[in-house]
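Fold and contact review
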Amino acid sequence: MKLTQYIFILFFIATLTKSYSQGAYQTETPTQKAERMQWYTDARFGMFIHWGAYSVLDGEYKGKKQRGPLGEWIMQNLTIPIEDYKKDVVGNFNPTKFDADAWAKSAYDAGMKYMVMTTKHHDGFALFQSDVSDYNIVAQTPFGRDVIKELSEACKKYGLKFGVYYSQAQDWYHAGGYTPKKRWDKKQEGDWDSYFETIVKGQVTELFSNYGEISLIWWDSARKVQNNDLANAIGRELVKLQPNIIVNPRLSTTSQMDFQTFEQVIPGVFEKEYNELCLTQNRSWSYKPSDTLWKEPAFLLKTLTHMTSIGGNFLFNVGPKSNGEFPKQAKEALEYIGEWMAINNEAIYETEKSPFYKLPFGEATMRQMDDKSIIYLHIYDWPSSGMLEIKGLHNASVSASVLGGSSTLKVEQNNNRLQISGLPKEAPHDAVSVIKLEISEPLKIDYGYIQPSEDRSILLNPENALLTIKPQFDCIPEVAYDGDEPYFRNWQNCIPGRIDTGNQAHWKVNVTEKGDYKVVAKLSTRADGNFAMIKVNKPVHTKLPNTGGLDVYQTLDLGTLSLKKGVNTITFSGQKKKAWDNVQLKTIRLIKL
Ligand code: GLC
């Protein structure tokens, strides 16, 4: 064999090995992975449940108030000794109104297709019968029932895939478990590896063996994992018990994963395939009545349609009360979304992401079949003119209807714009109305990336930005107008002392000339000490001056970006770890050097 042949074979083997390890701990091709992930990508919508002994407390214990917002963290936040927690919290956990059927039914009625349930959170207390540790609901509480058994069966009854959340890195009860702060109880002393080998391996084996099919495992706190190699090795062994299981990315900091997790941050763009947003309705994951920052049902519905339109899943969190009932706000939101789903679910399930970069009135999903394509327009701003225009869809043979409506709409191509007219005056739904476009010929779509202008510069502004937002703190940037110039309003930090708002603006630009571009921004600030971050790959940070108030705009140099030919995603945000007050951004211009 010639040397070149050897090299070819080596190269071939290398490519093969690479494409054969796509999934988490599985040896499979991308196609096999896509098949394993199929139910999950079809589903789009699931219920996260954070429920445990901690649901008994409301951010307070023995007169001391918890500082952090997360109810399930109270034991650590107030460094409650193990015996006290066991007696006062676990001992009082008696959810007499728990009804697994009712929980599964409300997820099903909301249009959800899967559930991920906390089986053991950081406090170490298990909600299932366990021979590995008697720190569990059956052995320790007056209630004495195996909640995981009842829920897994109820989910099966309603056709919901059942997934388990399990805190493997942190455990504040079992000896050796990780505690993020210094250990506060002698009983916590111990070796993490032996904790992992006995408690984690033992309990997850129980979960994977005693409850029928487990469709998903949601590990937590990977950043705190102590021994990546051990965790990965055991993780690999465990999935053999549930070979079709989908694995989240938090087993270890080096683990392979099936999807990316976005926690409390609603993404505007994805870098990789398979993505899931998990979001609470207020701030805490677990029930905490004093936490009253509830998100509106309409906002949550739009979060679902947005996630679907960018091709991701939405895992919506419910924190049931300690008696087993869902909070009123959760019930209302689930019913609201369920009513919408009853009419519009075909615009969600089994759909692909939007074929358009950005639509001025809302978002879109799509479905491609052998003989036709369907585009669903999710309309947030219903036109009072009775007419809607779409740029970039060049097909002529299109029929349009309102989902849940009876009349057919008129569709015409006019100057490269698809015009849909004859829309009802009133929006069919107060938050998201859906128009279905059926196209019975090959699609002719121009995605609509941002293009360089005639002078070769590239103009980025709030109108053509895709936003990543952190809705948690009620400080979501909005597009406002100064005359007809758009700018971002309310891009600020609402939590005193917090350094990063979590908000980002992204632009997808189709670059024709590769090379260096100077970044010039027009913005206003009212304080010193803000840092701007702009990146395409490597972030560039620039300290911003106080421009003299939010009405006073300055044109500032934010450095240089190196762009490749083709599509580049450019991101702008406040720099982490530095103060970010309120910045109003009007434009960013990229000028070819
Ligand atoms: C964080 C929190 C935890 C919560 C989880 C959900 O890891 O520590 O309390 O369960 O996020 O994503």
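Residues numbered from 1 in each chain as written. Predicted model: local features only at pLDDT ≥ 70, side-chain atom pairs only at ≥ 80, totals over all residues. Heavy atoms only, no water.

This paragraph deals with the side chain of His174. As for its position among the elements, His174 is in the loop between β5 (161-167) and α8 (192-210). What makes His174 buried here is its relative accessible area of 7%. Not counting residues within four places of it along the chain, the set of residues in contact with His174 comprises Gly124, Ser133, Tyr135, Gln188, Tyr195 and Ile199. (Helix = DSSP H or I, 4+ residues; strand = E, 2+ residues; numbered from the N terminus. Buried < 20%, exposed > 50% of the residue type's maximum accessible area, 1.4 Å probe, protein only. Contact = heavy atoms within 4.5 Å.)

Many structure descriptions define interface size as the accessible area lost when the parts assemble. By the assigned domains, the protein chain splits into domain 1 (28-344), domain 2 (362-439) and domain 3 (458-592). The centre of domain 1, based on its C-alpha atoms, is set 35 Å off from the matching centre of domain 3. Together domain 1 and domain 3 conceal approximately 1000 Å² of surface at their shared face, both sides included; 63% is due to carbon and sulfur atoms. Linking domain 1 with domain 3 are zero salt bridges, by the criterion used here. Between the two partners, domain 1 and domain 3, sit three residue pairs in polar contact (both at pLDDT 80 or more). Of the residues belonging to the side of domain 1 that touches domain 3, the class tally is seven nonpolar, four polar and two charged. (Domains from an automatic or database assignment. Buried area = accessible area lost by both parts, 1.4 Å probe. Salt bridge = Lys/Arg side-chain N within 4 Å of Asp/Glu carboxyl O. Polar contact = N/O pair within 3.5 Å; in protein donor to acceptor, adjacent residues only side chain to side chain. Nonpolar A, V, L, I, M, F, W, Y, C, P; charged D, E, K, R; others polar.)

Around the ligand lies a shell formed by His50, Glu72, Trp73, His121, His122, Tyr165, Trp218, Asp220, Arg250, Glu263, Cys278 and Trp285. With respect to the ligand, the side chain of Asp220 contributes an N or O atom lying 3.0 Å from an oxygen atom. Protein chains shield 97% of the accessible area of the ligand, which is 310 Å² for the free molecule. Among the residues making up the shell around the ligand, the classes are represented as five nonpolar, three polar and four charged. (Near = heavy atom within 4 Å. Areas by Shrake-Rupley, 256 points an atom, 1.4 Å probe, with all protein chains shown as cover.)

Next up on the list: the pairing of strand β12 (residues 373-379). Every regular strand shows the same layout, with side chains that alternate between the two sheet faces. Counting buried positions along β12 yields seven of seven residues, so the element is predominantly enclosed. Neither face of β12 is exposed, since Ser373, Ile375, Leu377 and Ile379 on one face and Ile374, Tyr376 and His378 on the opposite face are all buried. Sheet analysis places strand β11 (residues 362-368) next to β12, joined by seven bridges and oriented antiparallel. Within β12, the position partnered with Thr365 by the bridge is Tyr376. Counting the residues that bridge the hairpin from β11 to β12 gives four residues. Note: β12 against strand β17 (residues 433-439), seven bridges, orientation antiparallel. (Pairing = 2+ DSSP bridges.)

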